[in-house]
Amino acid sequence: MVREFLYRGDRYRATVHGRPGKEEIFIVQMLEDDEEGPEISIDRFEDASNDPQASLEAAIATLVDRMHAEQGLQASEPSAPFAWSDGKVLARVHNGVRMAH
């Protein structure tokens, strides 16, 4: 899945694949004019701190928080919650085959 979301007042793109709770997650902050900014990734299968019971949304939010801490980034709106961007599913993959959306 490639999908945009908003978190803490900023826009990001998530690329996610794998089984629930064991996904590989790649996050890129989207800047003005759709330019790509800072990025971070995780393989939940290999990450010792992973809680496989945590939702994908919670894992993504935690990863963005980690990116902010590691890279010294400031959130535009620190109290703004996680929200998927409606209509921003850029690609959906099932069983390794790209699906129309």
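Residues numbered from 1 in each chain as written. Predicted model: local features only at pLDDT ≥ 70, side-chain atom pairs only at ≥ 80, totals over all residues. Heavy atoms only, no water.

1. Focus: the pattern of salt bridges
A complete count under the given rule lists 6 salt bridges for this structure. As a salt-bridge pair, R11 and D34 come within 2.8 Å of each other at their nearest N and O atoms. Taken together, the positions of R11 in strand β2 (residues 10–17) and D34 in the loop between β3 (24–30) and β4 (36–43) put the pair 23 residues apart, joining distant regions of the chain. A salt bridge links R44 to E23; the shortest N-O distance between them is 2.8 Å. Of the two residues, R44 is situated in the loop between β4 and α1 (56–71) and E23 in the loop between β2 and β3; the sequence distance between them amounts to 21 residues. For E23, a relative accessible area of 6% puts it in the buried group. One connected set of salt bridges, linked through shared partners, spans E4, R11 and D34. (Salt bridge = Lys/Arg side-chain N within 4 Å of Asp/Glu carboxyl O. Helix = DSSP H or I, 4+ residues; strand = E, 2+ residues; numbered from the N terminus. Buried < 20%, exposed > 50% of the residue type's maximum accessible area, 1.4 Å probe, protein only.)

2. So, the nonpolar core
In this structure, F5, Y7, Y12, I25, I27, I60 and V64 are the most contacted members of the largest nonpolar core, which totals 18 residues. In terms of residue count, the dominant contributor to this core is α1 (7 residues). Leaving out residues up to four positions away in the same chain, F5 has contacts with D10, R11, Y12, R13, A14, I27, I60, V64, F82, A83, W84 and S85. (Core = buried A, V, L, I, M, F, W, Y, C linked by side-chain atoms within 4.5 Å. Contact = heavy atoms within 4.5 Å.)

3. Some details on the environment of A14
Along the chain, the position of A14 falls in strand β2. Measuring from C-alpha to C-alpha, the distance between A14 and R3 comes to 5.4 Å, with 11 residues separating the pair along the chain. Not counting chain neighbours up to four residues away, the residues in contact with A14 comprise M1, V2, R3, F5, F26, I27 and I60.

4. As for the packing of aromatic side chains
Under the defined criterion, the tally for this structure stands at 5 aromatic pairs. Geometrically, the ring pair formed by F5 and Y12 is stacked, given 5.2 Å between the ring centres and 15° between the ring planes. Both residues of the pair, F5 and Y12, belong to the buried class. With 4.9 Å between their ring centres and 25° between their planes, F5 and F82 make a pair best called stacked. Taken together, the positions of F5 in strand β1 (residues 2–7) and F82 in the loop between α1 and β5 (83–94) put the pair 77 residues apart, joining distant regions of the chain. Take F5: its relative accessible area is 0%, and that puts it in the buried class. With a relative accessible area of 18%, F82 lands in the buried category. (Phe/Tyr/Trp six-rings, centres within 6.5 Å; stacked < 30°, edge-to-face > 60°.)

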